[in-house]
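# Observations on the model geometry
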Amino acid sequence: MINILLSGVSGAMGGTLQQIIAANPDTQVVAGFDQQIITTLPFPVYNDLEQCTEAIDVIIDFSHFAAFPAIFGFARSHKIPIVIATTGLSEADLAAIDEGAKEFPVFKTANLSLGINLIAKMLTEMVAKLESGFDIEIIEKHHNKKLDAPSGTALLLADAINDGLITKKDYSYGRYGRDAKRTENELGIHAIRGGTIPGEHSVIFAGNDEIIEVNHIALSKKVFAEGAVKAAQFLVGQAPGRYDMAMVVND
């Protein structure tokens, strides 16, 4: 049985994760971390992790980026493997992840969906054939509560595209003005926010008289929760280092 500390337990993803973890016979939540103290759950919830005394095998972090330094500091000081699903992290946070990964297992990915990571792998392999004569654009859509833009997944897909290109593209975030003509070496990334969209991503290759479009639609948050649990199971027992969903896909 894998004992999980769930960070961001009161959020929408926290609730979905509790259901997915409870349905898995090999995993259980033994403690939570949140700004709110919640007493109605079958495990203790802390707003000060130094009070946590439960034996933890792995941490899943789906909290607000402002809470990240506290949860990552706790994981690092206790050498507890951590699955990081929080987006909007600062440059200082990313630097801390790189340093911490030298000491304990750290799983960081922009998207926990199996489908998205398979698409990213496919894009890296296919773009070499489309480098000449096609303009590339990415459109991402999310719910109206999402704070960061563009999404980490849009950047993951853009990076996957650049990995497969000989001449790397420059990222352009939206367009505005009377002189916004597309440049030849541009990769446009556009963010849409509205309603309760869990997540949609489209990669468009626009050539002369033909268009190739690669789409991924998440119909619920469950795909991300299931991916997080797979990542947690994968991470337990690993050596110190950086891990991501591509490694789970290829495992």
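The structure we're discussing is the one just above.
Scope of this entry: the structure provided in the associated data block. (Residues numbered from 1 in each chain as written. Predicted model: local features only at pLDDT ≥ 70, side-chain atom pairs only at ≥ 80, totals over all residues. Heavy atoms only, no water.)

## Section: the sheet that holds strand E11 (residues 211-218)
So the rule is basically this: DSSP calls a pair of strands paired once it identifies at least 2 bridges connecting them. Strands here mean DSSP runs of E at least two residues long; helices mean DSSP runs of H or I at least four residues long; both are numbered from the N terminus. Each axis is a line fitted through C-alpha atoms, and for a helix only the stretch in contact is used; angles between axes span 0 to 180 degrees, taken between their N-to-C directions. We call two residues in contact whenever any of their non-hydrogen atoms come within 4.5 Å of each other.
Taking strand neighbours across the sheet as the criterion, the five strands line up as E8-E9-E7-E10-E11 in an open arrangement whose pairing is mixed. The outermost strands of the open sheet, each flanked by one partner alone, are strand E8 (170-173) and E11. Ignoring strand direction, the axes of neighbouring strands in this sheet form an average angle of 15 degrees. In this structure, strand E7 (residues 135-142) lies alongside strand E10 (residues 199-206), joined through seven bridges in antiparallel fashion. The partner of Glu 137 across the bridge, within E10, is Ile 204. Strands in contact with helix H5 (residues 152-164) are E7, E8, strand E9 (186-193) and E10; relative to E7, the strand with the most contacts, it is inclined by about 160 degrees.

## Re the packing of helix H2 (residues 68-78) against helix H3 (residues 91-100)
Rule in force here: An angle below 35 degrees is read as roughly parallel, one above 145 as roughly antiparallel, one from 65 to 115 as roughly perpendicular, and any other as oblique. For this classification, the nonpolar set comprises Ala, Val, Leu, Ile, Met, Phe, Trp, Tyr, Cys and Pro, the charged set comprises Asp, Glu, Lys and Arg, and every other residue, Gly included, is treated as polar.
For the pair H2 and H3, the least separation of the axes is 11 Å and the interaxial angle reads 10 degrees. It follows from the interaxial angle that H2 and H3 lie roughly parallel. From H2, Phe 68, Pro 69, Phe 72 and Arg 76 reach across to H3, where they touch Asp 93, Ala 96, Ile 97, Glu 99 and Gly 100. Residue classes in the contact of H2 with H3 are distributed as five nonpolar, one polar and three charged.

So far we have only geometry, and geometry alone does not tell us how the molecule works.
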